[in-house]
Amino acid sequence: MELLLGLVAFITSLIAAIVGFGGGMLLIALLPLFLNPALVIPIHGLTQITSNASRALFSLSDVQWSLLPAFFVGSVLGTLLFGVVLYNMPTTYIPTAIGLYILLNLWYSPFSNFIKRFENFYIIGALQTGLGLIVGATGPLSLTVLTKQLQSKDQVVATSAVFMTLSHLAKIPVFLLVSSELLQSGPIIIAMMCGAMFGSYIGTKLRLSANNTQLIGVIKVLLSALAVNMLLSAIF
């Protein structure tokens, strides 16, 4: 089991290191096949912290640190606000809203130009981290904005990795609720963390050799596919 889940963590981290996202969503879809449901969220979170932090570390020179303070402040506020409010509110339409936002922001210039007036990393940090406590697939929120603002694929992926590390760190209180069971799953967690780090390393090497323009285009197409899937899931 340790070797199998270590391999799963390697593959999903490899994907995320190359294109900037997707690995975490694939991982959380696979983990329920192997783990006690109570352990899925904390082990997924710990693996993703390792995956994103190592991805940022391997591309440290590409991280745009000037964007971090605003995102961090937004993340703290988002955790407090959404932790109190959203547990008492219906969240059915949140994936739909995220999907529409991504599609319009990437491909509809009037909306993209309009939203720029309000789009900042305080708000993105609050939404990505706050909604991450309740629903999945919030990483593309910041990735969508970074893809528009930064020209380099390596800056986009590295900075997004730092943002997602902060977002997953906000889930630590959830981890503490099952701390006794987590201790018993130590070998699995270690194997998955090692797999995630190795996947980040190999994926970063592959990304650095990829064509900048083509990879940015791939990221946009994959983000769009994710958004369409969110909308279709909400309808059907």
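It should be noted that the structure appears before, not after, this text.
Conventions we followed
Residues numbered from 1 in each chain as written. Predicted model: local features only at pLDDT ≥ 70, side-chain atom pairs only at ≥ 80, totals over all residues. Heavy atoms only, no water. Patch = residues over 30% accessible without salt bridge, like charges linked within 9 Å, V, L, I, M, F, W, Y side chains within 5 Å. Areas by Shrake-Rupley, 256 points an atom, 1.4 Å probe, with all protein chains shown as cover. Salt bridge = Lys/Arg side-chain N within 4 Å of Asp/Glu carboxyl O. Helix = DSSP H or I, 4+ residues; strand = E, 2+ residues; numbered from the N terminus. Buried < 20%, exposed > 50% of the residue type's maximum accessible area, 1.4 Å probe, protein only. Phe/Tyr/Trp six-rings, centres within 6.5 Å; stacked < 30°, edge-to-face > 60°.

Some thoughts on a nonpolar patch on the surface
Right, so step 1: On the surface, a cluster of nonpolar side chains totalling about 930 Å² of accessible area is made up of F72, V73, V76, L77, L80, F114, F118, Y122, I123 and L127.
Right, so step 2: For the nonpolar patch, the elements supplying multiple residues, two or more each, are α4 (68-85) and α7 (121-132).
Right, so step 3: With five residues, α4 is the largest single contributor of residues to the nonpolar patch.
Right, so step 4: Relative to the helices and strands, F72 resides in helix α4.
Right, so step 5: Relative accessible area serves as the criterion here: at 45%, F72 is assigned to the partly exposed category.

Brief notes about the packing of aromatic side chains
Right, so step 1: Under the definition given, this model contains five aromatic pairs.
Right, so step 2: Residues Y101 and F111 carry aromatic rings whose centres are separated by 6.4 Å and whose planes lie at 80° to one another, so their mutual orientation is edge-to-face. With Y101 in helix α5 (residues 94-107) and F111 in helix α6 (residues 109-115), the pair connects residues that are 10 residues apart, well separated along the chain.
Right, so step 3: For Y101, a relative accessible area of 15% translates into the label buried.
Right, so step 4: Through pairs of rings, three or more aromatic residues link up here, namely F71, F121 and F163.

Some remarks on the environment of M164
Right, so step 1: Structurally, M164 is set in helix α9 (residues 153-169).
Right, so step 2: On the basis of relative accessible area, M164 is assigned to the buried category, the value being 11%.
Right, so step 3: For the pair formed by M164 and I49, sequence separation is 115 residues and the distance between their alpha carbons is 7.8 Å.

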